[in-house]
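Listed here are the chains, written in short residue letters.
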Amino acid sequence: MSTRKSLPRCSGSEGRAVGGWLRRILTICLLLAASILLAAVPARAEDGADFRLDLDAGGHTARIADLAFTPGGDEIVSASDDKTIRIWDWQSGVTLRTIRGYMGPGPDGKVYAVAVSPDGRTVAAGGYFGAGIGDKPPYGDVRLFDFSTGRMAAVLKGPQYEIYDLAFSPDGQRLAAGGADGMVYLWRRDDAAASGWAEDRTLDADSWHLDKLAFAAGGTRLAASTTDNGIRLWNLEDGEEIALADEAEPLRDTPVMALAVSQDGAQFATGSADGTVQVWRAADGTLARAMPKQDFFIGSLTFAARGTRLVASCGYRCADRNRSVVWNVENGEQVLTYAGHDGTVFASTANADGSLVATAGGTRHSIQIWDPATGELKAALQGKGQPVTAVGIDAAGSTVAWGNANPCPDKVACPAELGTLTAALALPNADRFFDSPMPVERQEGFLRAQTTVGQWSLTAKPGGKEGLENAVLEIGNGSKPTRPIENTPQNGYAHAAFTLIRDGLGLITGGTDGTLLEYRTETARVSGEFTGHTGEIHAMAAAEKAGLLATGSADQTLRLWNLKTRKLIVSMFFAGSEWIAWTPQGYYYSSPDGDRLIGWQVNQGRDREGRYIRCDQLKRYLWSPEIVRRAIILRSADDAIKELRPGVDRELQKLLERKPPEFQARLAADQSGVRDGFVAVEITGAGEGGADIADFSILSNSRNVGAFTARSADGGATTVVEVPVEDGENTIRITGTNEFGYLTERSVTALARKKEKAANKGKLYLAVIGVDKYPFLTDACGGRPCDLRYPVDDATGFLKVVMEKSAPLFSSMESLVLVNKDATIDSAALAGSGEVLEPDSDTIDDQLADFLDKPGENDTTIVFVAGHGINIDDDYYFIPTDGRKQDAERWKRSSLVDWSDIQKSVERAKGMRFMLLDTCHAANAFNPRLEKDAQDARIVVFSATAANNTAAELPELSHGVFTYSVLEGLRGKARTSDSGVTLFGLADYISKEVVRLTQSQQKPFYYVGGVENIVLAEP
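What you see is a predicted model, and the numbers here were worked out from it, not measured in a lab. (Residues numbered from 1 in each chain as written. Predicted model: local features only at pLDDT ≥ 70, side-chain atom pairs only at ≥ 80, totals over all residues. Heavy atoms only, no water.)

Section: the state of the cysteines
Alright, step 1. In this structure the tally under the stated criterion is two disulfides.
Alright, step 2. In this model, Cys-408 is linked to Cys-414 through a disulfide, with the two sulfur atoms separated by 1.8 Å. The disulfide joining Cys-408 to Cys-414 has a torsion of about -80° about its S-S bond and is therefore left-handed. Here Cys-408 matches Cys-414 in class, with each residue buried.
Alright, step 3. The side chain of Cys-781 participates in a disulfide bridge whose partner is Cys-786; the two sulfur atoms lie 2.0 Å from each other. In this structure, the disulfide formed by Cys-781 and Cys-786 twists by about 110° around the S-S bond and is classed as right-handed. (Disulfide = S-S within 2.5 Å. Buried < 20%, exposed > 50% of the residue type's maximum accessible area, 1.4 Å probe, protein only.)

Dropping the structure here:
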């Protein structure tokens, strides 16, 4: 029997430049019996849902193994080692859909090949679809997916081992697949078969590794390349192999891993590991031309410009000479060099006439579409993330740093070279919450990988069967000989990063496949494994006194581990202003849109497509800043969950067994009969996930629509809702939930022009809450009374300014005032405001909820809150005037106002919503939910502080600094236009003024995303 061998990876900086993957280079060995295969742990069958966390940052996160244009050329389909298939609209640069099959541990689910049928309706995929090394085959099934829906249409059985290439015949009547057993499997269309395909024949390439295949000569020929026995050509009319010219004989001694067919099918080209490129006549297998030999491994070939050009790309050991060369096929002259990628190119293809070429590779796994005549880049398709190539951590384990630049672009491998740290994150502790990443000012402030400690040293050397530059790690112990560690496919291929620990008595080394192992230096024996990364380990650093290990990888994540238990504590992903940190169990904390970057792959069996559920769809259960914070403090995610969420270890599994409301929304094609000022939106599929459209929420340009008119269409399959719009562009966001707690969002954009009529100015609703008296908290604030100086003045002062400067912009104004009555109150500020109510917990809960039910869709609501806030475990509370503690350590929660209740009341209010909050007057008072909740509900928020600082009160201002800045801005100092003070102008003024008045000790936070820059105050 034949056996499989995992893909060799690049090493060192070359691995950094290419994401750590290479195709097979040498002959696959035949093992005599399955018993001598190295065993791997198969995917364990769990009760209920089979799921795993997966990063989705808008692009591939591992090697792109194959590419295909659709017949019309408008889309590109890509297959990757990240176990996904992406369908791209390459002109807009977005992924139209991501196709997911079954994903298991290790290689299970990696997609090595993809092909699109000539009619554009089917995507065929091949790869490693089995439980793992050493498990019983088959794992070479071919999956067929519906192009338009991504659903698995059929599975073709037959191949026992992994598939490396697929091809449809030009007429679409045949499908060919080849791979690790050296056989070509052919199917033909058969409408009578359940799959639509029937087995045709099998062709033997006399090989243990068939790498590429393609139809030629109008589908009458099939060409194939192998890594161990040259190339093959068959006549498909009789199934006989065509004898090739003598020039093909030397190819038996070198891996041939690139193959392409010209647009007219008359010629095919082959490329070898030694740089040989040859063009052959498809009709008889004679040599048409030998192209100039290259000094690099030929990773891929593609014909272009109707077959008159040939593109060859560098596939390994490219260093900083990453390039694709373009030749004139007729005379072999090089006409162009394309160097757009910063690393190895693994795949390439061309559109139907060869006017465009797509190549895939580089450090960010980018797909680049370019003109082979000029080299002009037309589009680049890639995700938001970057590989983490440098890592540092301070000795106390309080700050972690990272960088993303290749430390040695001119070298193939440099595992001992340290990259530059460019950003740092202060880790939370007992007195500090998460903060935003900051630039690194001094490289010297961080511990890095240690290759020499006392008499111990580590040095990477070439070796292994593939001759990788850093396959061997030599352990130095003064003059004493030690046993080297040679990496193989079973322990990481090469040593991509490593460090000494425990005063040189131990070491940790990371492989090119994400393997991360700890060894004893004296014996070179494995003492443990850190499991979590899925891409090459680029960097690591240990803070031993703090018990932490930080690692960075080609999988674009930075991970923090418990050095003693070797368990993963938290993973982090950063992409510009967006970021997310999550525990292995899925609890997370993120920037406003960061939780759209990861999610859960839910397997539904090997013969069905997988489901993908983004973390933001499970926000209600999994968004937990405190669990992430406590995990880092306790050095254990398990302990943090036991402390904060006891008894809910199966909560996620139960959720993932259910389906979210996967509805679709679009503008109705027929807008006739729709009321002026409205558009009709069609919603389909809501019932599949158990959602009731009546419970959906709809925002139009961040204005909560509230109740909406709905009617059924298409026999009840479609629901049409009418949504109010404004002149110009309107972003309509529809949010659906179901009984299981899932949340799904869909957006549509509508351009509208309403008939001329008097503008509805709407009504202004203003609620102000100010608490400065805490009679039951006489020593609860650091042993001192919790009374504050200015919250009542802040609330009433805000009320007065809004009545003077903002109310005239509306048809009328109604207010709710909840402030301490025994405080000194400016009576002028309360003139016309109605009754003043005491801000105790019951009154705040009841009155605010009732008040916020009043606004209509054209109205505007403002809620101002000043006083104390407090975090308790995973929840945030506002402390009313009757707030109490049970004892010195515990709060009486029934006496507090749960912030989630305030948030829900504001979210429920129709129209435009604003919140201004000055509640961070003590440590542990920052509300971590504020930014996320505001963003998700499209509520404009101004908060006195960001994380890790408190709100200041300056006597000379007679107000809190934040509120003083708000008042001054509304009075005119934030004015940036003739029409008055605008939203953006006020945000900018507050941000700068608070920092100035506090000498940078207080930094406010605001969220105004997705909102029109409206006028807030008259000139």
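Digging into the UniProt feature "repeat: WD" (unreviewed entry) in the chain
Alright, step 1. Feature annotation in UniProt places "repeat: WD" (unreviewed entry) on residues 57-98, 156-187, 203-244, 256-290 and 530-571, given in this structure's numbering.
Alright, step 2. Within residues 156-187, the helical portion is 0% and the strand portion 56%, while the C-alpha atoms at the span's ends are 9 Å from each other.
Alright, step 3. In residues 256-290, helix accounts for 0% and strand for 60%; the two terminal C-alpha atoms are 15 Å from one another. (UniProt positions renumbered as here; feature names shortened; annotations may be inferred. Helix = DSSP H or I, 4+ residues; strand = E, 2+ residues; numbered from the N terminus.)

Brief notes about the pattern of salt bridges
Alright, step 1. Tallying each qualifying case throughout the model produces 37 salt bridges.
Alright, step 2. Its salt-bridge partner being Lys-378, residue Glu-376 comes within 3.2 Å of it at the nearest N-O pair.
Alright, step 3. The network of salt bridges with shared partners includes Asp-54, Asp-56, Arg-86 and Arg-100. (Salt bridge = Lys/Arg side-chain N within 4 Å of Asp/Glu carboxyl O.)

What to know about the layout of surface pockets
Alright, step 1. Size it by volume and the second largest pocket reaches roughly 1800 Å³.
Alright, step 2. For the second largest pocket, the lining is made up of 42 residues, of which Thr-98, Tyr-612, Glu-662, Gln-664 and Arg-746 are closest to its centre.
Alright, step 3. Those elements that place two or more of their residues in the lining of the second largest pocket are strand S5 (94-100), strand S49 (611-614) and strand S57 (743-752).
Alright, step 4. Of all the elements, S5 adds the most residues to the lining of the second largest pocket, at seven residues. (1 Å grid on protein atoms, 1.4 Å probe; cavity = no way out; pocket = protein on both sides within 12 Å on 5 of 7 lines; lining within 4 Å. Points joined across faces, edges and corners; volume = space filled by probe spheres on them.)

What to know about the packing of helix H6 (residues 791-806) against helix H10 (residues 961-973)
Alright, step 1. Orientation of H6 relative to H10, taken along the N-to-C sense of each, is 10°, at an axis distance of 10 Å. The orientation of H6 relative to H10 falls into the category roughly parallel. Within the contact between the two elements, H6 uses Asp-794, Gly-797, Phe-798, Val-801, Val-802 and Lys-805 and H10 uses Thr-963, Val-966, Leu-967, Leu-970 and Arg-971.
Alright, step 2. Here the residues of the contact of H6 with H10 are counted per class, giving six nonpolar, two polar and three charged. (Axes fitted to C-alpha atoms, helices over the stretch in contact; angles between N-to-C directions. Parallel < 35°, antiparallel > 145°, perpendicular 65-115°, else oblique. Contact = heavy atoms within 4.5 Å. Nonpolar A, V, L, I, M, F, W, Y, C, P; charged D, E, K, R; others polar.)

Remarks on the sheet that holds strand S31 (residues 399-403)
Alright, step 1. Strand order across the open sheet formed by four strands is S30-S31-S32-S33, with antiparallel pairing between neighbours. Both outer strands of the open sheet, strand S30 (390-393) and strand S33 (438-439), are each paired with one neighbouring strand and no more.
Alright, step 2. Of the strand pairs in this sheet, S30 and S31 are connected by four bridges, and their pairing is antiparallel. Within S31, the residue paired with Ala-390 across the bridge is Gly-403. (Pairing = 2+ DSSP bridges.)

A word on empty space enclosed by the protein
It is the rolling of a water-molecule-sized probe over the atoms that shows where space remains empty.
Alright, step 1. Within the structure shown, the criterion is met by eight cavities of 30 Å³ or more.
Alright, step 2. By volume, the largest cavity is sized at about 140 Å³.
Alright, step 3. Lining the largest cavity we find 14 residues, and of these Ser-806, Ile-862, Phe-914, Leu-970 and Leu-1016 sit closest to its centre.
Alright, step 4. Elements that contribute at least two residues to the lining of the largest cavity include exactly H6, strand S61 (860-866), strand S65 (912-918) and H10.
Alright, step 5. Per-element accounting of the lining of the largest cavity gives the leading share, three residues, to H6.
Alright, step 6. The class makeup of the residues in the lining of the largest cavity is 12 nonpolar, two polar and no charged.
Alright, step 7. Approximately 80 Å³ is the volume attributed to the second largest cavity.

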